[in-house]
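Structural features, examined
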4 protein chains.
Amino acid sequence: MYLASDNIGPALPEVMEALTAANQGHAKPYGNDPWTERASAALRALFEAPEASVHLVATGTAANCLALATMSQPWQAITCTPLAHIREDECHAPEFFTGGARLNPVGQAGDKMTVLELDAALSGLPQGVVHGSQRGPVALTSVTERGQVYTLDELGALCDVAKAHGLKVHLDGARFANAVAALDCSPAQMTHELGVDALSFGATKNGCLGVEAVIFFDPSDAWELELRRKRAGHLFSKHRYLAAQIEAYVKDGLWLDAARRANAKAARLVAGLRDLPGFTLAADPQANMIFATLPRATHKRLFDAGAYYYIWEGELEGKDPDEPLLMRLVCDWSIPEAEIDRFIETARNVA
Amino acid sequence: MYLASDNIGPALPEVMEALTAANQGHAKPYGNDPWTERASAALRALFEAPEASVHLVATGTAANCLALATMSQPWQAITCTPLAHIREDECHAPEFFTGGARLNPVGQAGDKMTVLELDAALSGLPQGVVHGSQRGPVALTSVTERGQVYTLDELGALCDVAKAHGLKVHLDGARFANAVAALDCSPAQMTHELGVDALSFGATKNGCLGVEAVIFFDPSDAWELELRRKRAGHLFSKHRYLAAQIEAYVKDGLWLDAARRANAKAARLVAGLRDLPGFTLAADPQANMIFATLPRATHKRLFDAGAYYYIWEGELEGKDPDEPLLMRLVCDWSIPEAEIDRFIETARNVA
Amino acid sequence: MYLASDNIGPALPEVMEALTAANQGHAKPYGNDPWTERASAALRALFEAPEASVHLVATGTAANCLALATMSQPWQAITCTPLAHIREDECHAPEFFTGGARLNPVGQAGDKMTVLELDAALSGLPQGVVHGSQRGPVALTSVTERGQVYTLDELGALCDVAKAHGLKVHLDGARFANAVAALDCSPAQMTHELGVDALSFGATKNGCLGVEAVIFFDPSDAWELELRRKRAGHLFSKHRYLAAQIEAYVKDGLWLDAARRANAKAARLVAGLRDLPGFTLAADPQANMIFATLPRATHKRLFDAGAYYYIWEGELEGKDPDEPLLMRLVCDWSIPEAEIDRFIETARNVA
Amino acid sequence: MYLASDNIGPALPEVMEALTAANQGHAKPYGNDPWTERASAALRALFEAPEASVHLVATGTAANCLALATMSQPWQAITCTPLAHIREDECHAPEFFTGGARLNPVGQAGDKMTVLELDAALSGLPQGVVHGSQRGPVALTSVTERGQVYTLDELGALCDVAKAHGLKVHLDGARFANAVAALDCSPAQMTHELGVDALSFGATKNGCLGVEAVIFFDPSDAWELELRRKRAGHLFSKHRYLAAQIEAYVKDGLWLDAARRANAKAARLVAGLRDLPGFTLAADPQANMIFATLPRATHKRLFDAGAYYYIWEGELEGKDPDEPLLMRLVCDWSIPEAEIDRFIETARNVA
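A brief structural summary. The numbering scheme is per chain: residues are counted from 1 as the chain's sequence reads. The naming scheme follows written order: chains are lettered A onward, ligands numbered 1 onward. Confidence filtering applies because this is a predicted model: local features only for residues at pLDDT of at least 70, side-chain atom pairs given and counted only at 80 or more, and all residues used for totals across whole chains, interfaces and linings.

1. Things to note about unusual backbone geometry
Here Ser142 of chain A and Val143 of chain A are connected by a cis peptide whose omega angle stands at -10 degrees. We count a stretch as a helix when DSSP gives it H or I for four or more residues in a row; a strand needs E for two or more, and each element gets its number in order from the N terminus. Its location among the elements puts Val143 of chain A in the loop between β4 (134-141) and α7 (152-164). In this model, Tyr30 of chain C sits at a positive phi of 60 degrees, which is unusual for a non-glycine residue. Considering the arrangement of structural elements, one finds Tyr30 of chain C in the loop between α1 (13-22) and α2 (34-46). Exposed residues have 12 or fewer other C-beta atoms within 10 Å of their own C-beta, buried residues have 20 or more, and partly exposed residues fall in between, where C-beta atoms are placed from the backbone. Taking the C-beta count within 10 Å as the criterion, Tyr30 of chain C has 19 such neighbours and is therefore assigned partly exposed. Although it is not a glycine, Glu48 of chain D adopts a positive phi angle of roughly 50 degrees. By secondary structure assignment, the location of Glu48 of chain D is in the loop between α2 (34-46) and β1 (53-57). For Glu48 of chain D, a count of 14 C-beta atoms within 10 Å corresponds to the partly exposed category.

Written out as structure tokens, the structure is:
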């Protein structure tokens, strides 16, 4: 019952096979190999963006921060939600890569930002005076940290606000596939057609071993990103092993299929828990993540039964057995339905 | 005839199998998995360093620069040879990771540094005044950029100089296995027994897909390195895929066996070329790299015959067919002897 | 009627005379001069801190950020109020000097932080995991950005919270003299006796041309700060001109006398305005700054009459003449009482 | 006999008077004051550069590094001589301000760089590959660190080389006035007419208390420099005290007159020493600095007689009384001729 994250499961068999197949013969290093060429072409085709530049790295933090560093200046604010991964989970990597840009949280504690909040946050940054943060790019995330998915209208409206302020938009797509699966849209519709300038196209969480793609829909800054990638130690000499993963991941819609499986499993899980006594959703799950409360006692029994997931707010140890504690449940493509059903059954038994 | 580098060949079959084997079931992320535990333990055992801290990353630049950043301050000079990889081939990654430390080249153009040169370079950094570079760690490399291997005596004497100045020593071991194979010593004998404080233990070039280990023989700064690794986007969520490579690489002496094969192939290659008319060694090869000159015309015919290697100094295009141009030939573990013999034969035919 | 700031008035005559007196003969550069020695000794005596290290710079931003950079690591959070000068008015200088530390605002919008808020903010930073901000120094300011002064009890209690978390405390004393004057305490009582580790001892706002002192009560990190100061271009070659200002400023209690004058003028101003129709204090002024609202129409007439001060919140242009707009009034040592009375009279006439 | 540097003397009386005169009444902070406006206008007029942007700071390191940071990228090499102040005397400030650019020394040990050396150094930086330093601005200095002055032809030819490589040129003019005095040219002739893009116009060494001007002849990057200045803590709130110095310094040719006095004194000094037994010039002095050797015994007697200057190479303590030691003698505007004559006389007596 491994529901802690989508970074704890194995890679897709097709990805592993592609990696094995790539492991023969010699190939030019540093991305000058046929796998890289094919992977880039595949992403450009997938995004209907023939001009886009594609840059592979091994981690999401690298993808996000290399992109944002290329898009910003050290004296600028990068506006994001308070819960954004770049703000909460990257140990100041944004500050490191940008040379000191600041993360400017929108609103108080929100997960999705609203058009009004974003406009207020950007307007709150003074212009033409040197003392405070200068206006910089807007950093969005979808699927959000709390499992929500921006509608295309919402995302487009946020991009419009950024553009109205003359600012660029980065989208952290660590779970991009899950969002596309939820929206049933095309990759282009969720990105450059709305005004997204740069994307971290996540693949690790959804079935690769470790690879993400930075996509710049306008390739003007591609060379700068190449230099930044090398300077940060993120250029692989044996680059084909990144590219082979992406190639397999994108081929024949595998990426989307895997995300649909993950989302469907989360739907199955929430359906099985929805009427459980003491179970309260923090928000309606829209992709492959569930945030909900259960009483402390139920959590304890679930853990005793071998479940592995995170308590997100509150302490497992505590007196009141009925106190609701927020948990996060994440389904990856690989978790068997039987495991989900076992989790549901266990929860029902102990509730 | 792929002799351009040891980063162009495939990974060792044992490594690939281990990766495939690791790709099942769930594992805790970020290094809290059994593969990581076993890989760390294996490295500690290999180095006879039960207290050492081990940190896996995917690239040599990351390994070198995270280690050096942890060992230095931004106002310090890191003393290295003019040809060091950190100085010539990492696009200012040392400056980036350290926050502005400076690479202080020893001597004029040397490949191996001498005790006298190192002492002079360190003594040349003033002490107690704020205006110039302050003294920082010494960064050694073996196998060197030009294919040389420091003897244990040489390495120990350089460490002694560093210690006499109160400074720490980092060893860039991108080709550590090839050096150990050449010296026929133990890993401990080449590192902490001599005074090496930190090692970048390379594995990518010698048969992995992409993994290197930073080893701190004194683990005092381990936590700082962990934070630096995360902040630089170099902590893998699916960390088992790094660890599984290392585990297989170290198991049963595979690492050393692969290096011995690579070194032996280079020896075969140089033996076949040694009496070739127009062939001049820049220095006697000691591991798996050969630096030597051939006449321009010979290079051209070799390239025409499908050889793939780098002209290191000089221009392939040029008038004089007899002008000697420096080449670099590198043998990795995987290059077939038949390929080497074909290269020799082609060279003989055209010479 | 210059009430915009305490950085718009002239320097104290005694300071100017000292500067002129220092301008003869030769003196060793970079702080190796008798003025610097005397100024340091005077500050150590003033603070009853014979071991303290003293470092002069020309701006408050330099003082704050050099101190904080020495006290923190790039992956740490520096906890401060949302309104702190380092957060609002230094154009990311803290991020620049620290190499990427993050400012962690306490509470929502507060001016003074409370013990409970600070403890919650520090406890909210996780420990032992690499993903988020690590715990770093606490940065306090008194007089605060909104003109408040922490009592000694409040300040001591905040220091105690920091110490309980094992953290150091920096005090931004841009208006340190005004705070001491308000509290009628000794410099030692307001700093190291409470647990303050480092102080930015402001002098520019209170009657110098441009000089601030960083004081480390524990001098262990003095050399690092010296290097950081040089590296940031903040070491003056003709250092005596900084030191001469400090020497005169500290001599015979001039610094405290000037602050008392400034505070008294603010008291006179607020007394004259207190019962003015439409005048509402945002908080009771405690030093030389007044935050209060006046109706838009009154502001307009004051500006028409030649008053120079800042509207802090709201827009001067707007329809409703009665809408209250927050202003900031600051008295420096030099503003004549007649000017204050004229401001009061004008406000009364127009109200 | 204070000949150690031109940063050990007093400020020009006219500058001190201007500072005193500026010390009355109120003035808007951060450069929005009439002094700043007048100083900027005066510099633009002096340089016949009506479009130029002018930015005042207090130290030469700040001027150099803010300018270079604005002109370069972190992955670029800044080409300069091995002896350049930015390389030898600024404690890695260039690396700090630029975020990791590297100083790329031209030639082996030269003081003035030649066109051939510069072209070779720039050509030696690869293009289009990410591994090494990328090409960045050329940083020249005149008067050089060894007291030499580039002719206009030399300077223009170096600018031409930079332009041919598509690179910008910065001129460190810490002793700009001494160079102009030596060349008897106009400021425009020595800068933008030759292709110099940015100048650090030094004033501190030549008679101010502490002020330098960054001048961008093309003002496109002015706003970036303003932000960088603020972010580095180099924007003075009481900015008039910087501006008043510059205004007086530039007025009625005072700057040039002071430099002529300094140069003349150095000429007097060298004339008096030229035929001294054991006196050997390292190079013919061209401005206000003399590099020459004297026997150890002579140095000792000069120091015993109260002379204050630096031994530049070699150790004063040592056995051989006849060993020549390199000294640096610098004349500032203020040193009395009698002092110079006394130095000469003392040297003659002891020689």
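2. Quick word on the interface of chain D and chain C
Tallying the contact residues gives 38 residues for chain D and 38 residues for chain C. Listing elements by their share of the side of chain D that touches chain C, those giving two or more residues are α1 (13-22), α3 (60-71), α5 (93-98) and α10 (222-231) of chain D. In this description, a residue-residue contact is defined by the distance between C-beta atoms placed from the backbone, which must lie within 7 Å.

3. Some words on the pairing of strand β4 (residues 134-141) of chain B
All names here are of chain B. Burial analysis of β4 places 8 of its 8 residues in the buried class, which makes it a mostly covered element. For two strands to count as paired, DSSP must find a minimum of two bridges between them. As judged from the 3 bridges shared by strand β2 (residues 76-80) and β4, these two strands associate in the parallel manner. Its bridge partner being in β4, Ala77 is matched across the sheet by Arg135. Two elements, β4 and strand β5 (residues 169-173), share 4 bridges in a ladder whose sense is parallel. Note that in β5 the partner of Val138 across the bridge is Val169. Handedness of a crossover is defined as follows: with both strands directed away from the viewer, a clockwise route from the first strand across the helix to the second makes it right-handed. Crossover β4 to β5 through helix α7 (residues 152-164) is right-handed.

4. What to know about the relation of the copies chain B and chain A
Fitting of the copies onto one another was done by least squares over C-alpha atoms, counting residues only where both copies have pLDDT of at least 70. For the pair chain B and chain A, the superposition axis carries a translation of 0.0 Å, the fit reaches an RMSD of 0.0 Å, and the rotation angle comes to 180 degrees. Interpreted geometrically, this transformation is the action of a two-fold axis. Ranked by how close their C-alpha atoms come to the rotation axis, the residues of chain B are headed by Ala232 of chain B, at 3.6 Å. Here 100% of the interface residues in chain B have copies in chain A that are interface residues too; the copies meet face to matching face.

5. Considerations on the relation of the copies chain D and chain C
Superposing chain D onto chain C takes a rotation of 180 degrees plus a shift of 0.0 Å along the axis, which leaves an RMSD of 0.0 Å. Both copies share a contact surface, since 100% of the interface residues of chain D are interface residues in chain C too.

6. Concerning the nonpolar core
By convention in this section, buried Ala, Val, Leu, Ile, Met, Phe, Trp, Tyr and Cys residues joined through C-beta atoms within 7 Å make up a nonpolar core. One finds Leu66, Ile215 and Ile246 of chain C together with Leu66, Ile215 and Ile246 of chain D to be the most contacted residues of the largest nonpolar core, which totals 244 residues. Residues contacting Ile215 of chain D, with those up to four places away along its chain left out, are Leu43, Phe47, Ala52, Val54, Ala198, Leu199 and Phe201 of chain D. Listed in part, the 243 residues of the second largest apolar core include Leu329 of chain A together with Leu140, Ala292 and Trp333 of chain B.

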